[in-house]
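Now for the letters of each chain:
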Amino acid sequence: MNRDFKMTATTLFGLEGVLADELKKLGAQDVKEAVRSVSFRGDTGFMYKANIALRTAVRILKPIKTCKIYDEEDLYEAIQKIKWENYLDADGTFAIGAVVNSKNFTSNSHYISLKSKDAIADYFRHKYHKRPNVDLKYPDVKVHVHIQKDWLTVSLDSSGDSLHKRGYRTATNIAPINEVLAAGMVLLSGYTGDENFIDPMCGSGTILIEAAMIANNIPANINRKLFAFEHWKDYDEDLYFTIQDALLKKIRSSHFKIMGFDKAPSAVQKAKANIESANLDEFIGVHHVNFFNSTKEVFGNTTILFNPPYGERLNIDTEEFYKKIGDTLKHNYPGSTAWLITSDTDALKCVGLRTSKRIALKNGDLDCKFVKYELYEGTRKFKERKQEDTSED
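Described in the following lines is the structure provided in the data block. Predicted, not measured: the structure shown is a model, and the values here were computed from it.

**Notes on the pairing of strand β9 (residues 196-199)**
Regular strands place their side chains on alternate faces of the sheet.
Phase 1: Of the two faces of β9, both are covered, the one formed by Asn196 and Ile198 as well as the one formed by Phe197 and Asp199.
Phase 2: One ladder, built from 3 bridges, connects β9 with strand β12 (residues 302-306); its direction is parallel. Bridge pairing links isoleucine 198 to isoleucine 304 in β12.
Phase 3: Note: β9 against strand β10 (residues 258-262), 3 bridges, orientation parallel. What sits directly across from isoleucine 198, in β10, is methionine 259.

Structure below.
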């Protein structure tokens, strides 16, 4: 019988709620948010499904031991007590990642990784007179050691490479946005594929690709070549393909436009190459256009979502650049909802539009704001006056 067990999905700061919603919709049980992670329960099939389908997860961890520890010796002993032959062969390979958030442990995560590695190697050496080797690139088993205050959690990493590595990106620009962050922003915007979508500064096309996958309900990691669980001793290939087929059957077709602009021909070429690699060229159009010279050429509601250059990526007058963003949105894109992310909060003051929502996110190490502007048909004052006139009748 395939029993439920506890798992943890890690994510980026600010996307915990989005990930929790994704997990609930996918069918996870006992979903609980924490900082940069969400815990949940499911069976082996659900673990496979979470890896293939979740858009805002960075990795899916399966805990195999939780206990209290107070120093490095406790850590060593706790890891030695795990029956490692259930997960790893003596002639296999493994790698360890560690995260430490505890005053009891003054040593860094690298030292904790080494101590954990020694415990596993010694376990095999004592019991089988040989030990598995460390392989940081392609291990059979990837172990995740997490120390929070005086609690140790040892998990198997079922994902392997971070789940932001979707497998479609062949070409990148300077500072491309992380795929998990891009998907999180699209989901935070409320876009579901039932209206037009524009990324007016699309770079290498990541936001467009994530939006198209959401619009058409295409599983986020359908282009991935490998998940770590495929090396596990209990890997069930038939179950994996059953889960994958079930997800593929839920793909739908959105008939609204998804468009990207960029003023750099090289960016347009890269975006097109990535879109083709993701098999989404029939859903996304990319055009060599300077946003500041553009107008809204599609009918109906439109979501505009972009990652304008900021910080080190911006070699121009920030004040003027952000003022032009505001002017272009206000005059040329009525009947739209615009979202943008930036780490430059002073620059936001230059946009000249009132934000209707501000969400704290992180882009790499940068603290960012993800902001929303509602762009009415005509001016807001005119719209409000019209509503007042109607209510007086």
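Next comes the rest of the write-up.
**Some points on the packing of aromatic side chains**
Phase 1: Under the counting rule described, the total for this entry stands at 20 aromatic pairs.
Phase 2: Plain terms: the ring middles of tyrosine 191 and phenylalanine 197 are 4.8 Å apart, the flat faces sit at 50° to each other, and that makes the pair tilted. No difference in accessibility class separates tyrosine 191 from phenylalanine 197, as the two residues are buried.
Phase 3: Linked through ring pairs, Tyr48, Phe227, Phe229, Tyr235, Tyr240 and Phe241 together constitute an aromatic cluster.
Phase 4: One cation-aromatic arrangement involves lysine 62 over phenylalanine 5; the distance from NZ or CZ to the ring centre is 4.3 Å.

**Comments concerning a negative patch on the surface**
Phase 1: A cluster of acidic residues, Asp234, Asp236, Glu237 and Asp238, forms a negative patch on the protein surface.
Phase 2: With respect to the secondary-structure elements, aspartate 238 resides in helix α7 (residues 237-248).

**Quick notes on the pattern of salt bridges**
Close approach of charged atoms lets side chains of opposite charge pair.
Phase 1: Within the structure shown, the criterion is met by 12 salt bridges.
Phase 2: Lysine 323 serves as the salt-bridge partner of aspartate 327, at 2.9 Å between the closest nitrogen and oxygen. Pair noted here: aspartate 327 and lysine 323 are both in helix α9 (residues 318-332), with a separation of 4 residues, about one helical turn.

**A word on the sheet that holds strand β8 (residues 151-157)**
Phase 1: Spatially, β2-β3-β1-β4-β8-β7-β5-β6 is the arrangement adopted by the 8 strands of the open sheet, whose pairing is mixed. Only two strands of the sheet have a single neighbouring strand rather than two, namely β2 (29-34) and β6 (133-134).
Phase 2: For strand β1 (residues 5-10) and strand β4 (residues 59-68), the ladder comprises 3 bridges, and the chain directions are antiparallel. Looking at β4, one finds that alanine 9 is bridged to isoleucine 60.
Phase 3: The sheet strands contacting helix α4 (residues 109-128) are β5 (93-101), β6 and β7 (141-148), and the helix crosses β5 at an angle near 140°.

Criteria and cut-off values
- Residues numbered from 1 in each chain as written.
- Predicted model: local features only at pLDDT ≥ 70, side-chain atom pairs only at ≥ 80, totals over all residues.
- Heavy atoms only, no water.
- Buried < 20%, exposed > 50% of the residue type's maximum accessible area, 1.4 Å probe, protein only.
- Helix = DSSP H or I, 4+ residues; strand = E, 2+ residues; numbered from the N terminus.
- Pairing = 2+ DSSP bridges.
- Phe/Tyr/Trp six-rings, centres within 6.5 Å; stacked < 30°, edge-to-face > 60°.
- Lys NZ or Arg CZ within 6 Å of the ring centre and 35° of its normal.
- Patch = residues over 30% accessible without salt bridge, like charges linked within 9 Å, V, L, I, M, F, W, Y side chains within 5 Å.
- Areas by Shrake-Rupley, 256 points an atom, 1.4 Å probe, with all protein chains shown as cover.
- Salt bridge = Lys/Arg side-chain N within 4 Å of Asp/Glu carboxyl O.
- Lys, Arg positive; Asp, Glu negative; His and termini not counted.
- Charge placed at Lys NZ, Arg CZ, Asp CG, Glu CD.
- Contact = heavy atoms within 4.5 Å.
- Axes fitted to C-alpha atoms, helices over the stretch in contact; angles between N-to-C directions.

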